[in-house]
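Listed here are the chains, written in short residue letters.
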Amino acid sequence: MYPQQSEKRTITSIGRDGSNRMMLTLSSPLTYMHYGVAPEAAEVGLLTRSILMQGHPSLSEATQFGGHIIMGGPNTGLMTVHGVEFLRMGQRGVLARYPIHWHRLTDRIGFGDFVRSCSFHQSFQRCVTVHDTRGVLVKDNVAFNITGHCYFLEDASESFNTFDHNLGILMRPGPMIPSDDRPSVFWMTNLNNTWIN
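Residues numbered from 1 in each chain as written. Predicted model: local features only at pLDDT ≥ 70, side-chain atom pairs only at ≥ 80, totals over all residues. Heavy atoms only, no water.

Q: Help me understand the overall build of the protein, please; the structure alone is not making it clear to me.
A: Per the secondary structure count, the protein includes one helix and 17 strands. A compact globule built from 197 residues should have a C-alpha radius of gyration of about 16 Å, and the protein, at 18 Å, falls within 12% of that. C-alpha extents for the protein along the principal axes are approximately 60 × 40 × 30 Å. Of all 197 residues assigned to the protein, the portion counted as buried reaches 39%. Excluding contacts between residues fewer than 6 apart, the proportion of contacts in the protein whose partners are at least 24 apart in sequence is 70%. Element-wise, carbon and sulfur atoms account for 56% of the exposed surface of the protein, whose accessible area totals about 10800 Å². (Helix = DSSP H or I, 4+ residues; strand = E, 2+ residues; numbered from the N terminus. Rg over C-alpha atoms; globule rule 2.2 N^0.38 Å. Buried < 20%, exposed > 50% of the residue type's maximum accessible area, 1.4 Å probe, protein only. Contact = heavy atoms within 4.5 Å. Areas by Shrake-Rupley, 256 points an atom, 1.4 Å probe, with all protein chains shown as cover.)

Laid out in structure tokens, this is it:
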């Protein structure tokens, strides 16, 4: 699939057909053909969550300046984020202003920090950033329409972090670092981390 053929739709109803197969009705027909046979099936990610954190619908869009969550500094507590939808978050071109950001916490092994089962869409800069931090879990997340690299290790000092079963679709060029001109879903600066599923 080509990234520019990614599509966002709303499910308007869920039911079953005569053979008891699940049937979904979408808000409008899909524009492009999406292959649907395993193991090469098109990826589908659910963007809505019960808890919504979002930038302002018009001001954030106009300025590309949304909210962010950063955890950093000495004697810092625990960051656990589960089941949250992040919409219009991050701040385009502003260093350290990402939707979720562990910032220079060094050793978090055994603390239990995580971001799980969250969604990120229409982000103005990245989705999850781990900077000079070890031992966090990033699992079961979905990202769509993100500016710059999405799941991001910032400076290669990061290790013993686990990225498990995360999806990213449609990364857009950003202004932070030269490689953001051709952004990737996963930016891996240190191979001493776990990237699975």
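Q: Looking at this structure, I do not really get the pattern of salt bridges. What am I missing?
A: Side chains that carry opposite charge are capable of pairing whenever their charged atoms lie near each other. Across all of its chains, the model carries six salt bridges by this definition. Here glutamate 7 and arginine 9 are joined by a salt bridge, their closest N and O atoms 2.9 Å apart. The partner of aspartate 180 in a salt bridge is arginine 126, and the shortest N-O contact between them spans 2.9 Å. With a gap of 54 residues between them, aspartate 180 in the loop between β15 (167–172) and β16 (186–187) and arginine 126 in the loop between β9 (119–123) and β10 (128–134) connect regions that are remote in the sequence. By relative accessible area, aspartate 180 is classed as buried at 1%. (Salt bridge = Lys/Arg side-chain N within 4 Å of Asp/Glu carboxyl O.)

Q: What is the right way to look at the state of the cysteines in this model?
A: Joining two cysteines, a disulfide is a covalent bond between their sulfur atoms. In the structure shown here, the tally under the stated rule is one disulfide. Each disulfide pairs two cysteine sulfurs, and for cysteine 127 the partner residue is cysteine 150, the sulfurs being separated by 2.1 Å. The chirality of the disulfide connecting cysteine 127 with cysteine 150 is right-handed, given an S-S dihedral of about 110°. Placement of the pair is cysteine 127 in the loop between β9 and β10 and cysteine 150 in the loop between β12 (142–147) and β13 (151–153), with a sequence separation of 23 residues. The exposure class of cysteine 127 is buried, given its relative accessible area of 0%. For the unlinked cysteine cysteine 118, the closest cysteine sulfur is that of cysteine 127, found at 10 Å. The class of cysteine 118 is buried, set by a relative accessible area of 0%. (Disulfide = S-S within 2.5 Å.)

Q: Any chance you could explain the side chain of arginine 126 here in plain terms?
A: In this structure arginine 126 comes out as buried when scored by relative accessible area, which is 2%. A distance of 3.4 Å separates the side chain of arginine 126 from the backbone oxygen of histidine 149, its partner in a polar contact. (Polar contact = N/O pair within 3.5 Å; in protein donor to acceptor, adjacent residues only side chain to side chain.)

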